[in-house]
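Listed below, chain by chain, are the residues.
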Amino acid sequence: MEPSELDSTLDKILLTALFNTLSTEQKKTFLSSAYQLIDQSFEMDTSSLNYLQTVRLHDSLLERLYSRLPESRVWPRSLLLDNY
């Protein structure tokens, strides 16, 4: 395994371990914050992207979050930001 792959795997392990120490409400708060930060990052600096590129990049970041923290699929963005 390459060092970058090891780092990525370790990052996933650490993030999952930290996430698992949170209570259910803390997990929801953490994920809501992550989703809001992703949304806000596109509000600030997407002037060089067209709408379709912005949507694709936004969706890619969400998929990366789901990949790095699979438990986040339990509370997807639409559920938390629309109902939390």
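Residue numbers run consecutively from 1 along every chain, following the written order of its sequence. Local features in a predicted model are, by the rule used here, given only for residues with pLDDT of at least 70; side-chain atom pairs are given and counted only at 80 or more, and totals for whole chains, interfaces and linings are based on all residues. For the side-chain quantities, the full set of heavy atoms in the structure was used; hydrogens and water were omitted.

(A) Examining the confidence of the model for the chain more closely. Residue-level confidence of the predictor is summarised by pLDDT, bounded by 0 at the bottom and 100 at the top. For the chain, per-residue confidence averages 85 on the pLDDT scale, and residues scoring 70 or more make up 93% of the total. We count a stretch as a helix when DSSP gives it H or I for four or more residues in a row; a strand needs E for two or more, and each element gets its number in order from the N terminus. No element of the chain has a lower mean pLDDT than helix H4 (residues 77-83), at 77, and none a higher one than helix H1 (residues 3-20), at 90.

(B) Region of interest: the nonpolar core. Take the buried Ala, Val, Leu, Ile, Met, Phe, Trp, Tyr and Cys residues and link them wherever side-chain atoms come within 4.5 Å; each set so joined is a nonpolar core. Type-normalised accessible area, obtained with a 1.4 Å probe on protein chains alone, sets the label of each residue: buried when under 20%, exposed when over 50%, and partly exposed for intermediate values. In this structure, Phe19, Leu31, Ala34, Tyr35, Ile38, Phe42, Leu62, Leu65, Tyr66, Leu69, Trp75 and Leu80 together form the largest nonpolar core, which totals 12 residues. Of all the secondary structure elements, the ones that give two or more residues to this core are helix H2 (24-44) and helix H3 (51-68). The element contributing the most residues to this core is H2, with 5 residues. With sequence-adjacent residues up to four places away left out, phenylalanine 19 is seen in contact with Lys27, Phe30, Leu31, Leu69, Glu71 and Trp75. The criterion used for residue contact is that any of the two residues' heavy atoms lie within 4.5 Å.

(C) Layout of the pattern of salt bridges. Every case where a carboxyl oxygen of Asp or Glu lies within 4 Å of a side-chain nitrogen of Lys or Arg is listed as a salt bridge. Using the criterion set out here, one finds 4 salt bridges in the structure. In this structure, the salt-bridge partner of aspartate 11 is arginine 68, at a minimum N-O distance of 3.4 Å. A residue pair is termed long-range when its members are at least 10 positions apart, and aspartate 11 in helix H1 and arginine 68 in helix H3 qualify at 57 residues. Salt-bridge contacts for aspartate 39 lead to arginine 77; the nearest nitrogen and oxygen are separated by 2.6 Å. In this pair, aspartate 39 sits in helix H2 while arginine 77 sits in helix H4, placing the two residues 38 residues apart along the sequence. Owing to a relative accessible area of 16%, aspartate 39 belongs among the buried residues under this scheme.

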